[in-house]
Every structure is written in C-alpha cells, then in structure tokens.
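Structural features, examined
Each chain is listed here by its residues.
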Amino acid sequence: MKLRIATYNIHKGVSSLGSRPRVHALKQALSRMEADIFFLQEVQGRHDLMAARHAAHWPEQAQHDYLAGDSHHAAYGMNAVYDHGHHGNALLSRFEIGWQSNQDVSDHAYEARGILHCVLKTEFTDIHCYVVHLGLFGGGRRRQTAALIEAVRSSSPPDAPLIIAGDFNDWGNRLSELLRARLDVTEIFDERIAARSMMQGVGSYLQQLIGRTPKLKPARTFPAAFPWLRLDRIYLRGFTVESAEVLHGAEWAKLSDHAPIVATLKLR
C-alpha cells in the first residue's frame, strides 16, 4: 500500500506579507499535491472580520471543510479561540476517519497549542495520525513533546503504523532524538541522509571507526521563499519512504510563510 502525504502550515489562509486572502489559491495548490493525507496547521475555523472584509475571497465554510472539498474527509482541532473566531490543526484524508480527538497542550495563555489525533480506516490496517504545532519557546516545546510521547503511547498500539507531522518550531533540532528513542520513529529525511553516508564509502567507514555518525537533520522549510530553518517535520513508524521533498520558491511564498513537505510512503 502506497500513500502520498503532506504537512503544511497554511498561515490561516492569508499571505505572510499584507495578510491578503489566499484560501482559493491554497485549495488549488493542495489539489496539485495529490496527497491522500494532509497534516495542516494554522487552519482558520472561523474569522468573522476576514469574512466581512473579504467576502468575495473568503469561503463561507470553515477552511478545513473548504479545502477538503468532495475528495477528502476532514477533522479539525480547535486550539486558539478569540472573539471573532478560532484556528487550530486539521487533517484531510481520502480514507475514512474512524476516530478523532484533540488534546490541549498549551504551555501558557498566549500560545494555544494542540495535538489532533485521527485514526484512519484503510483496507489494510488502521493508521494513527497526529497533527502537531508546538510552541515558540524551548521549555514549552520540551513539555509539549513529553505530552505528545505520552499521547502516542497511550492512544495507539506499539506496533501500529503511525505518522506524526506538523510545525515543531524546533529550529535547533533538539527533539528528534527523544522522539526516535521513545516512539521508535524515524524522521522522513533520515533515510536519505543515511543512504548518502553509505555512498561516501571509505569516509563513512572511517567515521564509524572513530564513533562518529552522520548527523540526521530535518529539511529546511522556513521561510518559504528561501528556506533556512528546520521547523516542519514528519515522523514515521511502519512505513518506508519512497520520496520526499520540500516545495519552496516564489510561488509558495505567496501562499504561506512555511514551505510544505510532500512525501510518498509504502506501508511495511
């Protein structure tokens, strides 16, 4: 069984400069990705001010329902709530969503964060999916990662295929080793780095002899125009990676400040 997946912080459906509506263009961009499962962050469930100000360019539906259309099922985890609306994480899936829950992991009152957990029903097996958006401060991210680990271990069987994806805001890459160790996952670009090391031949062998191994690093995804920071991640268990890439450049910079990651997976 093959899956095409994507993770994308959509910046609430507005451009990163000028806050101009980009929801319709986003829907077209998602359609071109042809993903079976989308892990989306900063999804606007409701925004009365934008709806009134840009009626012709702002859909009447909640963004997750509008972006899902007729081709995908949608689940939404409402995190940040304010007088004129709310936003959070969303999962769009071609497969039936058999179960969903949203866990509040906010570390303080000024950053509402959550973990959206969905169980997808496929003809082969259930797939556990977690959509994540962690905080801007290191201490909060460590606590939220601990909550994520506990959530995964308590809500999915230890041998179940799973995908954890989203905006981890972990520019120093301090959380990956903990997730690998506690959840037996790999990051989607790990295999590429390991394969590149093997191709280096003698140099790789000498590194192993002295106890040095290639440092596994996620891809650069922020800012979308010229990605430098490694913020967005996909962690896997029970899958092999056939391809993975970051979509970036001027076209994507018009849609969001983050670049999306798109990958093709094969169920083991």
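This section reports on the structure supplied with the text.

What counts, and at which threshold
- For every chain, the first residue of its written sequence is number 1, and the numbers climb from 1 along that sequence.
- Confidence filtering applies because this is a predicted model: local features only for residues at pLDDT of at least 70, side-chain atom pairs given and counted only at 80 or more, and all residues used for totals across whole chains, interfaces and linings.
- Excluded from the side-chain calculation are hydrogens and water; included are all heavy atoms of the structure.
- By definition, any uninterrupted DSSP run of H or I lasting at least four residues is a helix, any uninterrupted run of E lasting at least two residues is a strand, and each is numbered from the N terminus.
- Between buried and exposed lies partly exposed: a residue is buried under 20% and exposed over 50% of the maximum accessible area for its type, with that area taken using a 1.4 Å probe on protein chains only.
- Throughout, the arc means that of the directions going from the helix axis to the C-beta atoms.

**Notes on unusual backbone geometry**
With the exception of glycine, the majority of residues adopt a negative phi angle, and the majority of peptide bonds are in the trans configuration. P223 follows F222 through a cis peptide bond whose omega is -5°. On the secondary structure map, P223 appears in the loop between helix 7 (202–209) and strand 10 (232–237). One non-glycine residue, E34, lies in positive phi territory at about 55°. Assignment of secondary structure puts E34 in the loop between helix 1 (23–33) and strand 2 (37–47). Here E34 falls in the exposed class, since its relative accessible area comes to 56%. In this structure, N173 takes a positive phi of about 50° despite not being glycine. Tracing the sequence through the fold places N173 in the loop between strand 8 (162–167) and helix 5 (176–183).

**Observations regarding helix 5**
Of the residues making up helix 5, those classed as buried are S176, L179, R180 and L183. Looking straight down helix 5, one finds its buried side chains confined to an arc of 105°; they lie on one side. Relative to its buried face, helix 5 has exposed residues pointing more than 90 degrees away, namely E177 and A181. With its phi angle positive at about 55°, D184 sits one or two positions after the end of helix 5.

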